[in-house]
Amino acid sequence: MKQPVFLPTEILLPGPAAAPEKWAVLACDQFTSQPEYWQQAEALVGDAPSTLHIIFPEVYLEQPGGEARIAGIHAAMQKYRHSVLTQAVNGFVYVERTTPSGTRCGLVGCVDLEDYSYEAGAAPRIRPSEGTLVERIPPRLAVRRGGALECPHILMLADDAACTVIEPIGEKKAALAPLYDFTLMLEGGRLQAWAVTDAADIAAVQAALAALEEAPAFAARYGAAAGAAFALAVGDGNHSLATAKALWEETKQNLTPQQQENHPARYCMVELCNIQSAAIGIEPIHRVVFGPSAEEFRLALEDYARQNAVGISADGDQRFTLLYEQYEEEIHLRDAREALAVGSVDAAIAWCAQSHPGLRVDYVHGEDAVRQLAAGGAVGLLLPPFEKSDLFRGVALGGVLPRKTFSMGHATEKRYYMECRAIL
């Protein structure tokens, strides 16, 4: 019998010294072209204990002073570990996040990084849902390496149509010990949590996950070969999990096999969700291109299509919308080489970059944000809806999806940092 894929752990929470409304902040990879969001968060937090002081918002990655910021993050982690994170739950934490999209339920626990790989062609029990860019790992690794804590924003997905894993815990939450209940900053919604420490509850979660991973049933659900079965897919935080894996591979080189068995860096904390939840919407991640004009991008797209025998016509089965200032055009592609419109858009961007070496692309959640940036002179590329039912099937049949294909909800619905775990 396989070892459980989702594990209980010691989950650290802030005590009375930290106001939860200031402690919890949004995932660091959001609003990367809108520094004003993070300036608002900084104004709200000030010098109060906050996860804002132990993360590196990606909007600041290209700015000078990165090493000093990382040193400050590590110092704050050490301080918080001893004076702020004074509560602990040994088990899981059941969470409910209420936003305009509904109430998303999840379980915070950890996964074994030996069950996960982002290497091309690998078939681990825990799969990335998109391609991993190894060049995005080093800045994240610099934060995690030497840090006393992890406070990840990873949302892990199970495909549980019968609601056997998480929902039974939610049905008995009245019997669980409450942990927190507050309103998140900057339109993040409401966050509530309860401790899950009973051995029978933990075992029931693990048994239900094992049943979903059982090979014949998995193959029947997705039309995949029996050997394609896997347990979990990463919904949000692909590169954060890849960073944890990279540090573990680095760390274990200096450990004996016995030391490797229980080293805290071998594990990574995640929130497990059910992709079938009505509160989880899978939204496309749009592209915004800085550098070329709309006309220049349109010419590059036409050249890409001509060189790759792709038609641009009204009857194409792939579509996306091109935006630039007051200009808007819906483009249809026929006989595309890529399986999804997002892949074709990425190929066209790469083609355009050959003649525009200063081109920069950002990945943006939400149509309004794309339109705002396009009105300011960037090229906006709005992608069509992504069917969430295709996520597990796509990973099972074809490996990872194109990077930044989908997002679980809007930017402010992403995970807010709350729980921590010691990794040293």
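Below: a short report on this structure. As the structure is a prediction and not an experimental result, all values here were calculated from the model. (Residues numbered from 1 in each chain as written. Predicted model: local features only at pLDDT ≥ 70, side-chain atom pairs only at ≥ 80, totals over all residues. Heavy atoms only, no water.)

1. Focus: the overall build of the protein chain
Helix and strand counts for the protein chain stand at 13 helices and 20 strands. Here the C-alpha radius of gyration of the protein chain, 22 Å, is about what a compact globule of 424 residues would show, namely 22 Å. Each principal axis of the C-alpha atoms in the protein chain carries an extent, and together these give about 60 × 55 × 45 Å. Within the protein chain, contacts between residues separated by at least 24 positions form 78% of all contacts whose residues are at least 6 apart in sequence. Working note: accessible area of the protein chain is about 17900 Å², and carbon and sulfur atoms make up 52% of it. The averaged location of the 53 negative side-chain charges in the protein chain is 4 Å from the averaged location of its 35 positive side-chain charges. (Helix = DSSP H or I, 4+ residues; strand = E, 2+ residues; numbered from the N terminus. Rg over C-alpha atoms; globule rule 2.2 N^0.38 Å. Contact = heavy atoms within 4.5 Å. Areas by Shrake-Rupley, 256 points an atom, 1.4 Å probe, with all protein chains shown as cover. Lys, Arg positive; Asp, Glu negative; His and termini not counted. Charge placed at Lys NZ, Arg CZ, Asp CG, Glu CD.)

2. Quick look at the nonpolar core
Formed by 50 residues in total, the largest nonpolar core has its most connected members in Trp23, Trp38, Ile54, Val93 and Tyr180. Listed by contribution, the elements that provide at least two residues to this core are β1 (9-13), β2 (25-26), α2 (35-45), α3 (66-83), β3 (87-99), β8 (177-183), β9 (190-196) and β19 (416-417). In terms of residue count, the dominant contributor to this core is α3 (5 residues). Counting 39 residues, the second largest nonpolar core, distinct from the first, contains Ile126, Ile202, Leu212 and Leu255. (Core = buried A, V, L, I, M, F, W, Y, C linked by side-chain atoms within 4.5 Å. Buried < 20%, exposed > 50% of the residue type's maximum accessible area, 1.4 Å probe, protein only.)

3. As for the packing of helix α10 (residues 294-307) against helix α11 (residues 341-355)
Here α10 crosses α11 at 110°, and the two axes come no closer than 9 Å. With respect to α11, the element α10 is oriented roughly perpendicular. Note on element contacts: α11 touches α10 through Ser344, Ala347, Ala348, Ile349, Trp351 and Cys352, opposite Phe297, Ala300, Leu301, Asp303, Tyr304 and Gln307. A class-by-class count of the residues in the contact of α10 with α11 yields 9 nonpolar, 2 polar and 1 charged. (Axes fitted to C-alpha atoms, helices over the stretch in contact; angles between N-to-C directions. Parallel < 35°, antiparallel > 145°, perpendicular 65-115°, else oblique. Nonpolar A, V, L, I, M, F, W, Y, C, P; charged D, E, K, R; others polar.)

4. A few points about the environment of glycine 291
Along the polypeptide, glycine 291 turns up in the loop between β12 (282-290) and α10. Residue glycine 291 is classed as exposed on the basis of its relative accessible area, which comes to 66%. A C-alpha to C-alpha distance of 49 Å links glycine 291 and glycine 170, two positions 121 residues apart in sequence.

5. Quick look at the side chain of glutamate 150
Along the polypeptide, glutamate 150 turns up in strand β6 (residues 149-150). Within the structure, glutamate 150 has its side chain in polar contact with the side chain of arginine 144 (distance 2.8 Å). Looking at glutamate 150, its side chain comes within polar contact range of the main-chain nitrogen of methionine 269, at 2.6 Å. Filtering out sequence-adjacent residues up to four positions away, glutamate 150 remains in contact with Arg144, Tyr267, Cys268, Met269, Glu419, Cys420, Arg421 and Ile423. (Polar contact = N/O pair within 3.5 Å; in protein donor to acceptor, adjacent residues only side chain to side chain.)

6. Points about the pattern of salt bridges
Oppositely charged side chains may form a pair once their charged atoms are brought near each other. Applying the stated criterion to the full structure yields 26 salt bridges. The residue lysine 172 makes a salt bridge to aspartate 201 at a minimum N-O spacing of 2.8 Å. Placement of lysine 172 in the loop between α5 (167-171) and β8 and of aspartate 201 in helix α6 (residues 199-213) is noted, with a sequence separation of 29 residues between them. Judged by its relative accessible area of 10%, aspartate 201 is buried. A salt bridge links arginine 287 to aspartate 346, with the nearest nitrogen and oxygen atoms 2.9 Å apart. With arginine 287 in strand β12 and aspartate 346 in helix α11, this pair connects stretches of sequence that are 59 residues apart. Overall, the relative accessible area of 0% leaves arginine 287 in the buried class. Since its relative accessible area comes to 21%, aspartate 346 is described here as partly exposed. Connected through shared salt-bridge partners, Lys2, Asp115, Arg125 and Glu213 make up one network. (Salt bridge = Lys/Arg side-chain N within 4 Å of Asp/Glu carboxyl O.)

Read these as geometric descriptors, not functional statements.
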